[in-house]
Amino acid sequence: RPPRRRPLRLPAGPGGVRILGIDPGLARVGYGVIDVEGRSAAGGGHQRLLDCGMIRTEPGRSDGDRMVEIARDLRVIVRRWRPQLAAVEKFFFYRSSTTIAVVQARGVVMMTLARFAVPVVEFPPMQIKLALAGSGHAEKDEVLAAVMRELNLEHPPRPDDAADALAVALTGWFQR
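Analysis parameters
Residues numbered from 1 in each chain as written. Predicted model: local features only at pLDDT ≥ 70, side-chain atom pairs only at ≥ 80, totals over all residues. Heavy atoms only, no water. Helix = DSSP H or I, 4+ residues; strand = E, 2+ residues; numbered from the N terminus. Salt bridge = Lys/Arg side-chain N within 4 Å of Asp/Glu carboxyl O. Buried < 20%, exposed > 50% of the residue type's maximum accessible area, 1.4 Å probe, protein only. Core = buried A, V, L, I, M, F, W, Y, C linked by side-chain atoms within 4.5 Å. Contact = heavy atoms within 4.5 Å. Axes fitted to C-alpha atoms, helices over the stretch in contact; angles between N-to-C directions. Parallel < 35°, antiparallel > 145°, perpendicular 65-115°, else oblique. Left-handed = near helix turned anticlockwise from the far one by under 90°. Nonpolar A, V, L, I, M, F, W, Y, C, P; charged D, E, K, R; others polar. Pairing = 2+ DSSP bridges.

A. Molecular detail of unusual backbone geometry. Note the cis peptide between Arg158 and Pro159, where omega equals -5°. By the secondary structure assignment, Pro159 is in the loop between helix H4 (140-150) and helix H5 (160-174). One non-glycine residue, Asn152, lies in the positive phi region at around 55°. Among the structural elements, Asn152 can be located in the loop between H4 and H5.

B. Expanded view of the pattern of salt bridges. For the structure on display, the rule yields nine salt bridges. Among the salt bridges present, the one from Asp73 reaches Arg72, with a minimum N-O distance of 3.5 Å. Between Glu150 and Arg149 there is a salt bridge; the shortest N-O distance is 3.9 Å. Using a relative accessible area of 55% as the deciding quantity, one classes Arg149 as exposed.

C. Representation of the nonpolar core. Ranked by size, the top nonpolar core spans 23 residues in total, and within it Leu20, Ile22, Ile70, Leu74 and Leu113 carry the most contacts. Among the elements of the structure, strand S1 (17-23), strand S2 (28-37), helix H1 (63-81), strand S4 (85-89) and helix H2 (99-115) are those that each provide at least two residues to this core. If you tally residues by element for this core, the top one is H1, at seven residues. What Ile70 contacts, discounting residues up to four positions off in sequence, is Gly25, Leu26, Val29, Ile55, Thr57, Ala105, Val108 and Val109. Judged by nonpolar contacts, the second largest core, of 20 residues, contains Leu85, Val143, Ala167 and Val168.

D. How the structure looks around the packing of helix H3 (residues 125-133) against H4. One can describe the packing of H3 onto H4 by two numbers: an axis separation of 9 Å at closest approach and a directional angle of 55°. If you check the angle between H3 and H4, you find them oblique. Here the hand of the crossing between H3 and H4 comes out left-handed. From H3, Lys129, Leu132 and Ala133 reach across to H4, where they touch Glu142, Val143, Ala146, Val147 and Arg149. Residue composition of the contact of H3 with H4, by class: five nonpolar, no polar and three charged.

E. Looking closely at the pairing of S2. In terms of burial, S2 is a largely internal element, eight of the ten residues being buried. Where S1 lies against S2, seven bridges are found, and the strand directions are antiparallel. Along S2, the bridge assignment pairs Gly21 with Gly32. Counting the residues between successive antiparallel strands, the hairpin from S1 to S2 contains four residues. Where S2 meets strand S3 (residues 46-56), ten bridges bridge the pair, whose relative direction is antiparallel. Looking across to S3, one finds that Glu37 is bridged to His46.

F. View of the sheet that holds S1. Judged by pairing direction, the sheet is mixed, and its five strands sit side by side in the order S3-S2-S1-S4-S5 without closing on themselves. The open sheet has two edge strands with one neighbour each: S3 and strand S5 (120-123). Ignoring strand direction, the axes of neighbouring strands in this sheet form an average angle of 20°. Relative to S3, H1 is tilted by about 155°, and along the sheet it contacts S1, S2 and S3. The strands that H5 touches are S1, S2, S3, S4 and S5; relative to S2, the one it contacts most, it runs at about 40°.

Set out below in structure tokens:
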């Protein structure tokens, strides 16, 4: 039986929480790291962007190799930023040839976070849109505008997968 890992401790400010947002996929995994301080977003909290980006895997490689790459790169991100919480977008099943591979990649994300004892909250796309833009049917640009407003950004985060991951991270804060 493997030893239990202790949860990572946050190097954020007093009362602060570091949140890693993840937008899972096989070809692209968006990630965003934010620090938040205060009681809650509605109660005068302050959110600050630390990092965002994308884990990209090569389409010509086997699914297994791509998942190993996702796990490896995510481990680097978790070790660097030491999040106290991870917020992950839930996947809804669509009739698509990539559905199984995306679900498998999401499983790799969940396993990697569990190995580091990072607590995880999950949100479906409609809940993320509702939390940020006030409507579960909000358009992508409305959610992006909310991310920019909440993180006080002058320019949209790039790539889009990173912006989506920041929306997931903010939802993790708003819904806690």
